[in-house]
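Observations on the three-dimensional arrangement
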Amino acid sequence: MDLTTTPRTLLFVPGDRPDRIPKAAAAGAEAIAVDLEDAVALSRKETARASAVTALGALPPGGPLVTVRINGVATGLAEADVEALEPVLSRIDLVIVPMCSGPDDVRAVAALLERAERHAHREPGSTGIVPLVETAAGIFAVRELAAAERVRTLAFGPADLSRELGVTPTAGGQELFVARSQLVLAAAAAGLPRPIDGPHLDLSDDEGLATSAAHARSLGFGGKQVLHPRQLPAVAAAFAPTEEELRWARRVDEAFRAAEADGVSSIQLDDGEFVDYPVARRARALLAERGRP
């Protein structure tokens, strides 16, 4: 499955908690991420793989987009992760690759997926990749990551990058503004759907969550990673068009359609706002988002 629209909410669930995987799938997120990496202790990696495969195989058809975060290439665990997923590869839309510092990481996982797809009798290239960019090296390589084989969009990881830079992540995000913007620009330049922002790490901070999500959307992100189902409503609301935005979009679209019918491609609205094709396309994109849940 190709990712053509960024999921507004990507809910993470530990791979070694198979009881939580169907609950996550039913929680209302647009996508779930079964985590074999940071949410799983090193001593439980084998258990997590087996548990995740069992739970994914039992998921009903339909439902949210299904992703799996494997372990990073440098850990030596990625090959076993992908091999273990072969029996349920048809149920997995995307593989999230953490600690992506350059296109070689993507190419290595693409090769593993090619072999897994062959073993699972899947169409070659059917499983997409989302590089998780969470290092300074990854930020500098983000254009190459966006252009790499199988990449469907990009995702941002603030925790590891903040540690590497020696900064404290905040809801306002000023300390990582430049890094986040690089992902947005790279995804747009590569013609990818908008990237997915990292999670707000304080689960008790509802105000900070709303601020963080609004900031990410204002930068051009299309969605956000979520660590707990209670965060879903606030994040979904932050990335949905507001009523004010939709009123503006309808007004622009109606006026511009009338102008187009008269052979005019630049107009001025009653309030003085100038509208040409780029503005009209932005309005129509907002109206297209209106039909999403």
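Residues numbered from 1 in each chain as written. Predicted model: local features only at pLDDT ≥ 70, side-chain atom pairs only at ≥ 80, totals over all residues. Heavy atoms only, no water.

Per an unreviewed UniProt entry, the chain is named Citrate lyase subunit beta / citryl-CoA lyase, and its organism is Amycolatopsis sacchari. Entered under Cofactor (unreviewed entry) in the UniProt record, the comment concerning the chain runs "Mg(2+)". (UniProt positions renumbered as here; feature names shortened; annotations may be inferred.)

**Observations regarding the UniProt feature "binding site: substrate" (unreviewed entry) in the chain**
Mapped onto the present numbering, the UniProt feature "binding site: substrate" (unreviewed entry) falls on R69 and E134. These residues run over 66 residues, yet every pair of their C-alpha atoms falls within 13.7 Å of each other. Along the chain, R69 turns up in strand β3 (residues 65-69). Once residues within four sequence positions are removed from consideration, R69 is found in contact with F12, V34, D35, L36, E37, D38, I96, P98 and L132. Summarising the element assignment, E134 is placed in the loop between β5 (128-133) and α5 (136-140). When its relative accessible area of 4% is taken as the criterion, E134 is described as buried. If we ignore the near neighbours within four places in the chain, the residues touching E134 are P98, M99, G157, D160, L161 and E164. Within the structure, E134 has its side chain in polar contact with the backbone nitrogen of M99 (distance 2.8 Å). (Helix = DSSP H or I, 4+ residues; strand = E, 2+ residues; numbered from the N terminus. Contact = heavy atoms within 4.5 Å. Buried < 20%, exposed > 50% of the residue type's maximum accessible area, 1.4 Å probe, protein only. Polar contact = N/O pair within 3.5 Å; in protein donor to acceptor, adjacent residues only side chain to side chain.)

**With respect to helix α11 (residues 243-261)**
Helix length check: α11 (19 residues) gives 27 Å between terminal C-alpha atoms against 27 Å at 1.5 Å per residue, within 8%. Of the positions making up α11, those classed as buried are L246, A249, V252, D253, F256 and A259. Projected down its long axis, α11 shows its buried positions confined to an angular sector of 155°, all on one face. Those residues of α11 that are exposed and angled more than 90 degrees off the buried face are E243, E244, R247, E254 and A261. (Expected span 1.5 Å × (residues − 1). Arc of directions from axis to C-beta.)

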